[in-house]
Amino acid sequence: MAAKKNIVILGAGTAGIMTAQGLSKDLNPNEWSIQLVSDRPFHLHYLALLRVLITDDGGFTKTAINPLDRVFEPGRAGEVVIGNATSVQDGVVNLEDGRQLRYDYLVLATGTSWGGPLAFPKNVEDKDKWITEWREKFRKANDIVILGGGAVGIELAGELKHYYPNKNVTLVQNDQLLLNSTYPDKFRTRVGEKWKSLGVNVVTGDRATIPEGEYTSITTDKGRTIKADLVVPTWGGHRNTDFLKSFDSTIVTPQGNIRILPSFRVPLSNGNTNVYAVGDVIDWAEQKQVAKVAGHVAVIVPNILAAIKNQQPPKVYKGGIEGIILPAGPRAGAGYLPFLWGIILGDFFSAMIKSKTLFVSLAQTVTRYT
């Protein structure tokens, strides 16, 4: 009997899991194996984690973080491999513990690493301790300063003011408006106004760094003194692609993203056509959001299946819409949908769509822990 061919998928975030599941449904398990590689034995649903780090309201601690042992349906091609990829060679992935995974096709879905409270440890015991420690930090602090006025910083500030309305929360953003220029100024201005109405002290056009040692205040670059007993960084994350530079330095951009064709295939300098990328790591002019993943998977899965059959890729990616909803606790928030003249959502629709549930059902469906 001929040896099975193998697909290795690096990264078990939502994009990696959904790609693996899509391929698994169509491949003969007698002919193909799929190895989904994760550096932790659980899946993190980042949309809910800021609330998890503050409170157990909604029970999201149990539903937004799920094991990976049910990802593949019984009898289908697929296994989860717990390990950390340290390098890639043509046809082989090297893991930190010395294991080597042979591949006929490789999918890069390694995602983003975050600093601050979202820098979750990679084992179950430390993960639980991490949640407990951050809840205690937020509970004890009186003057919380959040550095970074992107979506993560905005949502953290809103969540904190909902669950701890009497604490002083300051949000520092180096741009003149919150978020970035992907969104129209009218919405960015509205978000700033809304968060101020929640009691958040919004400081724009300035920046600061985390002070060393013990502190009771911070000083911004422009000389503003802000009272602080807890400073939380929420700056943009770091793409998990450094290990690929020794494989093919031409595919990684200076920002750490992976260059792709509209088919999601990675244009390797050696001409090989068996490497793909999906999720946060792709070099595409769009915001990195879990809402984009379904659109990615709808393209990459049929294209890999076509490649296996020596056929041309049937799908091309054209990008997704740039909408956003920013929760501020389960009953409030602000949102933007780029339809018609640009629709701005208030508390009611933000809560109905996202703020209350934080799309946790997606995490449960993906991991098959419904």
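Here, the structure is the one placed above.
These numbers come from a predicted model, not from an experiment. (Residues numbered from 1 in each chain as written. Predicted model: local features only at pLDDT ≥ 70, side-chain atom pairs only at ≥ 80, totals over all residues. Heavy atoms only, no water.)

Visitor: Break down the sheet that holds strand β12 (residues 168-173) for me, citing the residues and quoting the values.
Guide: Here four strands make up an open sheet; going across it, the order is β13-β12-β11-β16 and the pairing parallel. Strand pairing shows two members of the sheet lacking a second neighbour, β13 (201-204) and β16 (230-233), which therefore form its edges. Within the sheet, the average angular offset between the axes of one strand and its neighbour, ignoring direction, is 20°. Sheet topology note: the strand β11 (residues 143-147)/β16 ladder contains four bridges and is parallel. (Pairing = 2+ DSSP bridges. Helix = DSSP H or I, 4+ residues; strand = E, 2+ residues; numbered from the N terminus. Axes fitted to C-alpha atoms, helices over the stretch in contact; angles between N-to-C directions.)

Visitor: I'd like a description of the side chain of asparagine 66, backed by residues and values.
Guide: Mapped onto the elements of the fold, asparagine 66 is located in strand β4 (residues 65-67). For asparagine 66, a relative accessible area of 3% gives the class buried. A distance of 2.9 Å separates a polar side-chain atom of asparagine 66 from the backbone oxygen of threonine 63. Every residue in contact with asparagine 66, bar those within four places of it in the chain, is listed here: Phe42, His43, Ala363, Gln364, Thr367 and Tyr369. (Buried < 20%, exposed > 50% of the residue type's maximum accessible area, 1.4 Å probe, protein only. Polar contact = N/O pair within 3.5 Å; in protein donor to acceptor, adjacent residues only side chain to side chain. Contact = heavy atoms within 4.5 Å.)

Visitor: So what's going on with helix α5 (residues 151-163)? Which residues, and what values?
Guide: Every α-helix carries 3.6 residues per turn, so stepping three or four residues along brings you back to the same face. Taking 1.5 Å as the rise per residue, α5 with 13 residues should run 18 Å; its terminal C-alpha atoms sit 18 Å apart, in good agreement. The element α5 is extensively covered by neighbouring structure, given that eleven of its 13 residues are classed as buried. Residues of α5 that are buried include every one of Val152, Gly153, Ile154, Glu155, Leu156, Ala157, Gly158, Glu159, Leu160, Lys161 and Tyr163, and no others. (Expected span 1.5 Å × (residues − 1).)

Visitor: Can you lay out the layout of surface pockets for me, pointing to particular residues and giving the numbers?
Guide: Taken as a whole, the second largest pocket encloses approximately 180 Å³ of empty space. Every residue along the wall of the second largest pocket is listed here: Tyr105, Leu261, Ser263, Arg265, Thr273, Asn274, Tyr276, Asn303, Ala307, Asn310, Gln311 and Pro313. Taken together, the residues of the lining of the second largest pocket break down into five nonpolar, six polar and one charged. (1 Å grid on protein atoms, 1.4 Å probe; cavity = no way out; pocket = protein on both sides within 12 Å on 5 of 7 lines; lining within 4 Å. Points joined across faces, edges and corners; volume = space filled by probe spheres on them. Nonpolar A, V, L, I, M, F, W, Y, C, P; charged D, E, K, R; others polar.)

Visitor: Account for the nonpolar core, with residues named and values stated.
Guide: Judged by nonpolar contacts, the single largest core of 56 residues is most densely connected at Ile7, Leu10, Leu23, Ile34, Val88, Val93 and Leu106. Only β1 (5-10), α1 (14-26), β2 (32-38), β6 (85-89), β7 (92-95), β9 (105-108), β18 (275-277) and α7 (293-308) provide two or more residues apiece to this core. Ignoring any residue separated from it by four or fewer positions in sequence, one finds isoleucine 34 in contact with Asn6, Ile7, Ile9, Ala20, Leu23, Ser24, Leu27, Phe72, Ala77, Gly78 and Glu79. (Core = buried A, V, L, I, M, F, W, Y, C linked by side-chain atoms within 4.5 Å.)

Visitor: Report on the sheet that holds strand β5 (residues 79-82), specifying residues and quantitative values.
Guide: Taken in spatial order, the five strands make up an open sheet running β5-β2-β1-β9-β18, and their pairing is parallel. A strand with exactly one partner marks an edge of an open sheet, and here the two such strands are β5 and β18. Ignoring strand direction, the axes of neighbouring strands in this sheet form an average angle of 20°. Where β9 lies against β18, three bridges are found, and the strand directions are parallel. Residue pairing across strands places valine 107 opposite tyrosine 276, the latter belonging to β18. Against the sheet, α1 engages β1, β2 and β9, with an angle of about 170° to β2. Across the face of the sheet, α7 comes into contact with β1, β2, β9 and β18 while running at roughly 175° to β18.

Visitor: If you had to explain the environment of lysine 227 to someone new, which residues and values would you point to?
Guide: By the element assignment, lysine 227 lies in strand β15 (residues 225-227). Taking the C-alpha atoms as reference points, lysine 227 and serine 217, ten residues apart in sequence, are found 4.1 Å from one another. In contact with lysine 227, other than residues within four places in its own chain, are Asp143, Val145, Thr216 and Ser217.

Visitor: Describe the packing of α1 against α7, and please don't skip the residues or the numbers.
Guide: Running from N to C, α1 and α7 point in directions that differ by 40°, and their axes come no closer than 9 Å. Compared by their axis directions, α1 and α7 come out oblique. For the pair α1 and α7, the sense of crossing is right-handed. Residue-level contacts link Thr14, Ala15, Met18, Thr19, Gly22, Leu23 and Asp26 of α1 to Val293, Ala294, Val297, Ile300, Val301, Ile304 and Leu305 of α7. Here the residues of the contact of α1 with α7 are counted per class, giving ten nonpolar, three polar and one charged. (Parallel < 35°, antiparallel > 145°, perpendicular 65-115°, else oblique. Left-handed = near helix turned anticlockwise from the far one by under 90°.)

Visitor: Give a detailed account of unusual backbone geometry, specifying residues and quantitative values.
Guide: Positive phi, close to 60°, is recorded for asparagine 310, a residue that is not glycine. Residue class for asparagine 310 comes out exposed when judged on its relative accessible area of 73%. Positioned with a positive phi, arginine 368 is a non-glycine residue whose angle comes to about 65°. With respect to the element layout, arginine 368 can be found in the segment after α9 (360-367).

Visitor: Hey, could you go over the pattern of salt bridges for me, with residue numbers and the actual values?
Guide: Applying the stated criterion to the full structure yields 17 salt bridges. Arginine 188 is the salt-bridge partner of aspartate 175, the closest N and O atoms lying 2.8 Å from each other. Of the two residues, aspartate 175 sits in the loop between β12 and α6 (185-197) while arginine 188 sits in helix α6, which places them 13 residues apart along the sequence. Beyond isolated ion pairs, a larger network of salt bridges with shared partners links Glu136, Arg139 and Lys140. (Salt bridge = Lys/Arg side-chain N within 4 Å of Asp/Glu carboxyl O.)

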